Amino acid sequence: MRPIRPGDRGPAVTEIRAVLTGLDLLTAPGDEFDAATERAVRAFQQSRGLSADGRVGAETWRALDAARWRLGARTLYHAVPDPLIGEDVRSLQERLLEMGYDVGGADAVYGVRTSRAVAQFQREVGLKPDGSCGPYTMGALRRLGRKVVGGRPQWLRESDAIRQSGPTLVGRTVVIDPGHGGTDPGVVVADGTLRWTEADLVHDLASRLEGRLAAAGVRVQLTRGPAPRTCLPDIDRAELANSLGADVFISLHTDGHANPAADGVATYHYGTDNGVTSATGERLAGLVQREIVARTGLRDCRTHAKAWDLLRLTRMPAVRVEVGYLTSPQDWARLVDPRFRDRIVEALVAAVQRMFFPVERDVPTGSIDVSALRAVVAAGAVRD
Ligand SMILES: [Zn+2]
């Protein structure tokens, strides 16, 4: 085919200009190959590593054709023998690479490695692993868009968002989720005629935390009251936090085990077996875990990545803390003491505060005097 060149007119030029306009290389479509179109073609050729002659021959035409596809506009799959090629494939590959999946490279060709990576992603988010990228897979990618990260670039972007908003707690929204409730009491321990339930204890913790955070200027919302009629599913708790645009989500539980020797605190954040993790969720989990261990002396059962609905569907840094085992006589004796519960709450306040310090300005664990927090914030002493 004869290259399309400056001065040409017609349907082919209209198509070329439409694609270039879609790529923001040209300000308006049209049917004339004018000087602006030539500049746009050269810029496009340069960006694709083609020889920048300003004419549209077979090779440039193919590249333009591939460039018209935006991720989500068509279903992507591994086609044999002619694989799908396009910018949408490249965007998908970059996204998967960023999350730590092995697609080889972002070459814009939907080959067998891309298909395998998509299938692995689908398995991990609970979709049918058919290796093709349609509306459901796109939906999952979009939903995880803000939080699932593996690579460093994304981690930097997430901490930048927090850094830009500054270290103050004033005006933040924190959603506190006391686990269980209603028909589901969680772990239950009998003490003579008394009956201690996880649902009651974590609600008490949640309302103490609510008071402390509110005093520091935080907007706080609990996912349930002290005695709800039904137990809210985790999906709805996550949805509530999303709809409130929460900055941080903390779910509170106590653990239980048949063996009374099991004790200690553990904190969970979003992640999969594949090493895909929410970087900010992991950071929040680490802060919560370390502060609680340092301030309460509960055994350190460490932080763990889990793909639970509650952590997977929430779009902000989210953690679930299991603060001690109600079935451990030692942990139980501490948890039923309101002063001990206040120490847990102080640890959580300190962790939330540290979440908003830039990483390089973070302070040692246990060093924040949370009782003076409001005065310090008001005086501007914790300002960047
Ligand atoms: Zn629980």
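Look up a bit, the structure's there.
Since we're looking at a predicted model, the values are computed, not measured.

A. Just the pattern of salt bridges, in detail. Per the stated rule, a full pass over the model turns up 22 salt bridges. Its salt-bridge partner being Glu 87, residue Arg 48 comes within 3.4 Å of it at the nearest N-O pair. Highlighted residues: Arg 48 in the loop between helix H2 (35–47) and helix H3 (58–67) and Glu 87 in helix H4 (residues 87–98), separated in sequence by 39 residues. Relative accessible area serves as the criterion here: at 27%, Arg 48 is assigned to the partly exposed category. Its relative accessible area of 14% is what places Glu 87 among the buried residues. Measuring nitrogen to oxygen at the nearest pair gives 2.7 Å for the salt bridge that ties Arg 312 to Asp 309. With a gap of three residues between them, Arg 312 and Asp 309 both fall in helix H11 (residues 309–313), about one helical turn apart. Each of Asp 204, Arg 208, Arg 341 and Asp 342 takes part in a single network of salt bridges with overlapping partners.

B. Focus on the nonpolar core. If you look at the biggest cluster of nonpolar residues, it comprises 40 residues, and the most contacted ones within it are Ile 176, Leu 213, Leu 252, Ile 292, Val 321 and Leu 348. By residue number, the principal contributor to this core is helix H13 (residues 338–355), which donates nine residues.

C. Up close: the coordination of the zinc ion. Around the zinc ion, the protein contributes the donor atoms His 180 (NE2), Glu 198 (OE) and His 253 (ND1), at 2.0 to 2.1 Å from the metal centre. Each donor residue of the zinc ion belongs to the same chain, and together they define the spacing H-x17-E-x54-H. Here Glu 198 lies in helix H8 (residues 198–215) and His 180 lies in the loop between strand E1 (173–178) and strand E2 (188–191), a separation of 18 residues in the sequence. Neither residue differs from the other here; His 180 and Glu 198 are each classed as buried.

Calculation criteria
- Residues numbered from 1 in each chain as written.
- Predicted model: local features only at pLDDT ≥ 70, side-chain atom pairs only at ≥ 80, totals over all residues.
- Heavy atoms only, no water.
- Salt bridge = Lys/Arg side-chain N within 4 Å of Asp/Glu carboxyl O.
- Helix = DSSP H or I, 4+ residues; strand = E, 2+ residues; numbered from the N terminus.
- Buried < 20%, exposed > 50% of the residue type's maximum accessible area, 1.4 Å probe, protein only.
- Core = buried A, V, L, I, M, F, W, Y, C linked by side-chain atoms within 4.5 Å.
- Donors = N, O, S within 2.8 Å, 3.2 Å for Na, K, Ca; no water.

Interpretation note: all reported values are geometric properties and have no functional meaning in isolation.
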